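Topology and contacts: notes
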Amino acid sequence: MFLNIYTNLFSRGALKTMSTKISYINKAITKLSTNTVLFVDENYNINNLKKYTSINEFSFIKDLLKTSDLKKNILVFEVNSKKKIVLISIKKDSKQSDFENLGAEFFGRINYGKKSEYFVISDSVTNNHKNFIGHFLHGLRLKSYEFKKYKTKKESRIILINVLGNKNKPSSLNQLKFKALEEGTFFARDLVSEPGNVLHPDEYVKRINLLRKNGLKINVYDKKKLKKLGMNALLGVGMGSIRGSYLVTMEWNGAKNNSKPLAFVGKGVTFDTGGYSLKPARFMEDMTYDMAGSAAVVGLMKSLALRKAKINAVGVVGLVENMVSGIAQRPGDIVKSYSGKTIEVLNTDAEGRLVLADALTFTEKKFKPKFMVDLATLTGAIIVCLGSEFAGLFSNDDKLSKQILNAGNDVEEKLWRMPLHKNYDKLINSKNADMQNINYVGGAGSTTAAQFLQRFILNKTPWAHLDIAGMAFSKYGGALNSGGATGFGVRLLNQLIEKNYE
């Protein structure tokens, strides 16, 4: 019995458009003439390899191991021009994230070319994780993503992964979960990767509307509706753009009861010039990913719908474009937010918190959620503090914070909790309005931004703010991505839900 997983990698977006065929065949395979992947223990015991190779090949690999670095996770040996033998070491204390990282590392090591085939022997090592092969393939697929939509030269690439053995085979339910999570993550990465001239707020709304077919209930609030509601903080950010400004809600009702939904809110500034508080020209092109928080929310909601999650959830995104024009918002303007509180806009480049202010109050008031988590590429200060290794976590609730931190550790989307305290309030108090949108005294840029957002949580709803400015986009690539948009937040929040609320 063996499981065939055929994975087609297209230059458009790697496995996002993959064709997967799974079949079970009653056929014994003894000697393999093609590339062979064997899971081994941390001592590189290869006795099981005898079943799948010739005596000469086995002896050849055994001799090579004597001079190999056994501290490495993966060793690749070329037996001949047509065959490689790959040994993957499984540690006794391996976690699910370790298996995913191994899958990603394996993808980086194989020479896939236009077409290649590998037989992965899943029953060759004993470990305590029942579904390690599923996580291994999940990591491989996540790592394979590429965004080459606008390359004029496109080449099809195919990897055939044949998994031998039933002991570690993913269940059909787990396969569905992996596929849903990958599609949600790739959808988020696609959104972040699109250039600003393509993915402006009007186009963004169209793409979200496509998710209706997955069972999401979607409502779009345009400028006219937002003005009627009094969402002047959000509308002020988009005043300078010829594009629309929107608030979009996505509802998934998967619980059998009418329990309060879990709410996720995202900043969706599709391009951020900084407005009249203009950003420097250098690296301004990166501001296409200032909507990564909203992309994580959209990707998460797609994943929940695809896997039919047994919870009630709502995603809310504010979509605007922060541009410069004769009618753009000016430094010194005062706006009245949806909450009724007034804001003095001292810096038009501190715009994300204005979008989230209205979105958070609206979400709390309309949906009365169990908790709210917002995601935003909110401050450069969080990158100064944490670099590109941790996202900043701010929260008014210790229990929710702990759950999010643990979920992040599980999937290696790591966070570090940062302080919130009333002593920071004096830094954002305004002489002319209820508050100002930036701290001009200096210091604590990320904390004062989060402190600002906390003022718009009116009913003490448990809330967490994730500042993902350093995590949403990677120029050099990470464990599970090859560079570019990371989709940070989709897997993290899915793990939070699956581990604590389903």
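Above: the structure in question.
Some words on the packing of helix α8 (residues 292-306) against helix α13 (residues 490-500)
- Packing of α8 against α13 leaves a shortest axis separation of 9 Å and a crossing angle of 50°. One element, α8, and the other, α13, form an angle in the oblique class. Like other packed secondary-structure pairs, α8 and α13 cross with a definite hand, here right-handed. Contacts between α8 and α13 pair A296, G299, L300, S303 and L304 from the former with V490, L493, N494 and I497 from the latter.
- Partitioning the contact of α8 with α13 into residue classes produces six nonpolar, three polar and no charged.

So, the sheet that holds strand β15 (residues 391-395)
- Pairing in this open sheet of eight strands is mixed, and the strands run β8-β9-β11-β10-β14-β18-β15-β16 from one edge to the other. At either end of the open sheet lies a strand with only one pairing partner, and these are β8 (217-221) and β16 (415-417). Direction aside, the axes of adjacent strands within the sheet are offset by 20° on average.
- By the bridge criterion, five bridges tie strand β10 (residues 262-272) to strand β14 (residues 371-376) in an arrangement that is parallel. Across the sheet, residue G266 finds its bridge partner in β14, namely L375.

A closer look at the pattern of salt bridges
- Following the criterion strictly, the structure yields 22 salt bridges and no others.
- Between D98 and K95 there is a salt bridge; the shortest N-O distance is 3.7 Å.
- A salt bridge links K267 to E351; the shortest N-O distance between them is 3.3 Å. Of the two residues, K267 sits in strand β10 while E351 sits in the loop between β13 (342-345) and α9 (352-367), which places them 84 residues apart along the sequence.
- In this structure E351 comes out as buried when scored by relative accessible area, which is 2%.
- In this structure, a network of salt bridges that share partners links the residues K149, E194, E203 and R207.

Details of the sheet that holds strand β12 (residues 333-336)
- Taken together, three strands build an open sheet; the order of strands is β12-β13-β17 and the sheet is mixed. Of all the strands in the sheet, the pair left with one neighbour each is β12 and β17 (435-436).
- Pairing of β12 with β13 involves four bridges; the strand directions are antiparallel. Along β13, the bridge assignment pairs I334 with E344.

A look at unusual backbone geometry
- Backbone geometry at A444 places phi at a positive 55°, although glycine is not the residue there.
- In this fold, A444 is placed in the loop between β17 and α12 (445-454).
- When its relative accessible area of 32% is taken as the criterion, A444 is described as partly exposed.
- In this model, K460 sits at a positive phi of 60°, which is unusual for a non-glycine residue.
- Looking at the element boundaries, K460 is found in the loop between α12 and β18 (463-467).

Digging into the packing of aromatic side chains
- With the rule as written, the count across this model stands at 15 aromatic pairs.
- On the basis of an interplanar angle of 75° and a centroid distance of 5.3 Å, the ring pair of Y221 and F362 is categorised as edge-to-face. Of this pair, Y221 sits in strand β8 while F362 sits in helix α9, placing them 141 residues apart in sequence. Per residue, the accessibility class of Y221 equals that of F362, and both read buried.
- With a centroid separation of 5.9 Å and 80° between ring planes, the pair formed by F264 and F371 is classed as edge-to-face. One end of the pair, F264, is in strand β10; the other, F371, is in strand β14, with 107 residues separating them in the sequence. No difference in accessibility class separates F264 from F371, as the two residues are buried.

Focus on the environment of L458
- By the secondary structure assignment, L458 is in the loop between α12 and β18.
- If near-sequence neighbours (up to four positions away) are discounted, L458 is found in contact with S339, K341, T361 and E364.

A short note on the side chain of T448
- With respect to the element layout, T448 can be found in helix α12.
- A distance of 2.8 Å separates a polar side-chain atom of T448 from the backbone oxygen of A444.
- Ignoring sequence-local partners within four residues, the contact set of T448 consists of Y424, L427, I428 and N439.

Section: the environment of G293
- Take G293: it is sitting in helix α8.
- Looking at G293, the relative accessible area reads 0%, which means it is buried.
- Taking C-alpha positions, G293 is 20 Å from I438, a pair spaced 145 residues apart along the chain.

Rules used throughout
Residues numbered from 1 in each chain as written. Predicted model: local features only at pLDDT ≥ 70, side-chain atom pairs only at ≥ 80, totals over all residues. Heavy atoms only, no water. Axes fitted to C-alpha atoms, helices over the stretch in contact; angles between N-to-C directions. Helix = DSSP H or I, 4+ residues; strand = E, 2+ residues; numbered from the N terminus. Parallel < 35°, antiparallel > 145°, perpendicular 65-115°, else oblique. Left-handed = near helix turned anticlockwise from the far one by under 90°. Contact = heavy atoms within 4.5 Å. Nonpolar A, V, L, I, M, F, W, Y, C, P; charged D, E, K, R; others polar. Pairing = 2+ DSSP bridges. Salt bridge = Lys/Arg side-chain N within 4 Å of Asp/Glu carboxyl O. Buried < 20%, exposed > 50% of the residue type's maximum accessible area, 1.4 Å probe, protein only. Phe/Tyr/Trp six-rings, centres within 6.5 Å; stacked < 30°, edge-to-face > 60°. Polar contact = N/O pair within 3.5 Å; in protein donor to acceptor, adjacent residues only side chain to side chain.

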